[in-house]
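# Examination of the molecular architecture
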Amino acid sequence: MKKTSIYIPFALWANRLVALVTFALIFFLPWILAWYIGFRPLTDMDRTLVTACFYCCVVVILWALWNVERLLQSIRRGQVFIRENVTRIRRLCYCCGGVGLICIPAAVAYLPLIFLVIIMAFLCLMVSVVASVMDAAVLLQEENDLTV
Amino acid sequence: MAITVNLDVMLAKRKMSSLELANRIGLTQANLSILKTGKAKAIRFATLEAICRELNCQPGDLLEFTPEN
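## So, the overall build of chain A
Each helix and strand counted, chain A has 4 helices and 0 strands in total. When the elements of chain A are put in sequence order from the N terminus, they spell out α-α-α-α. Taking 15 Å as the expected radius of gyration for a compact globule of 148 residues, we find that chain A reaches 19 Å, considerably beyond that expectation. When the backbone C-alpha atoms are referred to their principal axes, chain A occupies close to 70 × 25 × 20 Å.

## Describing helix H2 (residues 18–25) of chain B
Residue and element names in this part refer to chain B. Along H2, the residues classified as buried are Ser-18, Leu-21, Ala-22 and Ile-25. Down the axis of H2, the buried side of the element spans an arc of 100°, and every buried residue falls inside it. Where the residues of H2 are buried, they touch helix H1 (7–13), helix H3 (29–36) and helix H4 (45–55). Note on H2: the residue one or two positions beyond its end, Gly-26, has a positive phi of about 75°.

## A closer look at the packing of aromatic side chains
Each aromatic ring pair is summarised here by two numbers: the centre-to-centre distance and the angle between the ring planes. Evaluation of the coordinates by the stated rule reveals 0 aromatic pairs over all chains. Above the face of the Trp-13 of chain A ring, Arg-16 of chain A is positioned so that its terminal group lies 5.2 Å from the ring centre.

## A look at the interface of chain A and chain B
How large an interface is tends to be reported as the accessible area lost when its parts come together. At the junction of the two partners, chain A supplies 6 residues and chain B supplies 11 residues. Taken together, the two surfaces of chain A and chain B that pack against each other cover about 720 Å², and 65% of this comes from carbon and sulfur. On the chain A side of the contact with chain B, Leu-146, Thr-147 and Val-148 of chain A bury the most area, a combined 85% of that side's loss. Remark: the boundary between chain A and chain B carries 0 salt bridges. Viewed at the interface, chain B and chain A are joined by 4 residue pairs in polar contact (both at pLDDT 80 or more). Across the side of chain A that touches chain B, the residue classes tally to 2 nonpolar, 2 polar and 2 charged.

## Observations concerning the nonpolar core
Among the nonpolar cores identified, the biggest contains 34 residues, and Val-50, Phe-54, Ile-89, Val-99, Cys-103, Leu-113 and Val-127 of chain A are the most heavily contacted of them. Of all the elements, helix H3 (residues 83–109) of chain A adds the most residues to this core, at 11 residues. Discounting residues that sit within four places of it in the chain, Val-127 of chain A has contacts with Ile-89, Leu-92, Cys-93 and Cys-96 of chain A. If you look at the next biggest cluster of nonpolar residues, it comprises 20 residues, including Val-148 of chain A together with Met-16, Ile-25 and Leu-35 of chain B.

## Considerations on H4 of chain B
Residue and element names in this part refer to chain B. What H4 keeps buried is the set Thr-47, Leu-48, Ala-50, Ile-51, Cys-52 and Leu-55. Tucked into the core, H4 has its buried residues touching H1, H2, H3, helix H5 (59–62) and strand E2 (63–65). With its phi angle positive at about 50°, Asn-56 sits one or two positions after the end of H4.

## Looking at the environment of Ile-34 of chain B
Assignment of secondary structure puts Ile-34 of chain B in helix H3. Excluding anything up to four places from it in sequence, Ile-34 of chain B contacts Asp-145, Leu-146 and Val-148 of chain A together with Lys-39 and Ala-40 of chain B.

## Here we look at the environment of Ile-43 of chain B
Checked against the element boundaries, Ile-43 of chain B lands in the loop between H3 and H4. The residues contacting Ile-43 of chain B, other than those within four sequence positions of it, are Val-148 of chain A together with Leu-35, Leu-48 and Ile-51 of chain B.

## As for the packing of H2 of chain B against H3 of chain B
All names here are of chain B. In contact at an axis separation of 9 Å, H2 and H3 are set at 115° when each is read in the N-to-C sense. Between H2 and H3 the crossing geometry is right-handed. For the pair H2 and H3, the contacting residues are Ser-18, Leu-19, Leu-21, Ala-22 and Ile-25 in the first and Gln-29, Leu-32 and Lys-36 in the second.

## Topic: the pattern of salt bridges
Residues and elements named next belong to chain B. Scanning the model with the defined rule gives 9 salt bridges over all chains in all. Salt-bridge contacts for Glu-49 lead to Arg-53; the nearest nitrogen and oxygen are separated by 4.0 Å. Of the two residues, Glu-49 and Arg-53 both sit in helix H4, 4 residues apart, roughly one turn of that helix. For the pair formed by Glu-49 and Arg-53, the shared burial category is exposed.

Calculation criteria
- Residues numbered from 1 in each chain as written.
- Chains lettered and ligands numbered in written order.
- Predicted model: local features only at pLDDT ≥ 70, side-chain atom pairs only at ≥ 80, totals over all residues.
- Heavy atoms only, no water.
- Helix = DSSP H or I, 4+ residues; strand = E, 2+ residues; numbered from the N terminus.
- Rg over C-alpha atoms; globule rule 2.2 N^0.38 Å.
- Buried < 20%, exposed > 50% of the residue type's maximum accessible area, 1.4 Å probe, protein only.
- Arc of directions from axis to C-beta.
- Contact = heavy atoms within 4.5 Å.
- Phe/Tyr/Trp six-rings, centres within 6.5 Å; stacked < 30°, edge-to-face > 60°.
- Lys NZ or Arg CZ within 6 Å of the ring centre and 35° of its normal.
- Buried area = accessible area lost by both parts, 1.4 Å probe.
- Salt bridge = Lys/Arg side-chain N within 4 Å of Asp/Glu carboxyl O.
- Polar contact = N/O pair within 3.5 Å; in protein donor to acceptor, adjacent residues only side chain to side chain.
- Nonpolar A, V, L, I, M, F, W, Y, C, P; charged D, E, K, R; others polar.
- Core = buried A, V, L, I, M, F, W, Y, C linked by side-chain atoms within 4.5 Å.
- Axes fitted to C-alpha atoms, helices over the stretch in contact; angles between N-to-C directions.
- Left-handed = near helix turned anticlockwise from the far one by under 90°.

Remember that the coordinates give geometry; whether it matters functionally is a separate question.
Structure, rendered in structure tokens:
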């Protein structure tokens, strides 16, 4: 438990920092995108499509970060293997998949973004495995709790 | 579950409260309640031994198997 107490505050602060950066992205996304896409010019329609996709991703990312915050707070309280945490990890899996799906039209407009789609699909798979392992752990915990 | 725990019956026969039994065997009343209400998934032999010793009975007096049809 001592190892968990060292990493959890760090993870919590990292999560909040990423949330801050994501909020900042809401305002600076057009300029960041213009700089990034500047390497390969896009039509105005493609640029709008990519921008719209990324703004949709920001909403999904913020929801994922909220779930991470709730998960880490729960772990800090000592509630690790509970049903709610499995739900939160599954939601993270859906967020990864969701971001990947949202980025598909963006990747059609700007091909290098296909790597983002592939990475998100892979992350979705990995997080899904973690959720399944967590589910099994919760079953074991529930059995253990009901062993007299 | 197919296994029924007749702890209430034995407590009544021995005229002992669940709180008293819990204190004697070193179990919390909450855990004993889990056993009484049939929510327990498993019981340790040490717990079963302690209950049988305090209630002066056999495991068969406490546990009953009813096939699920």
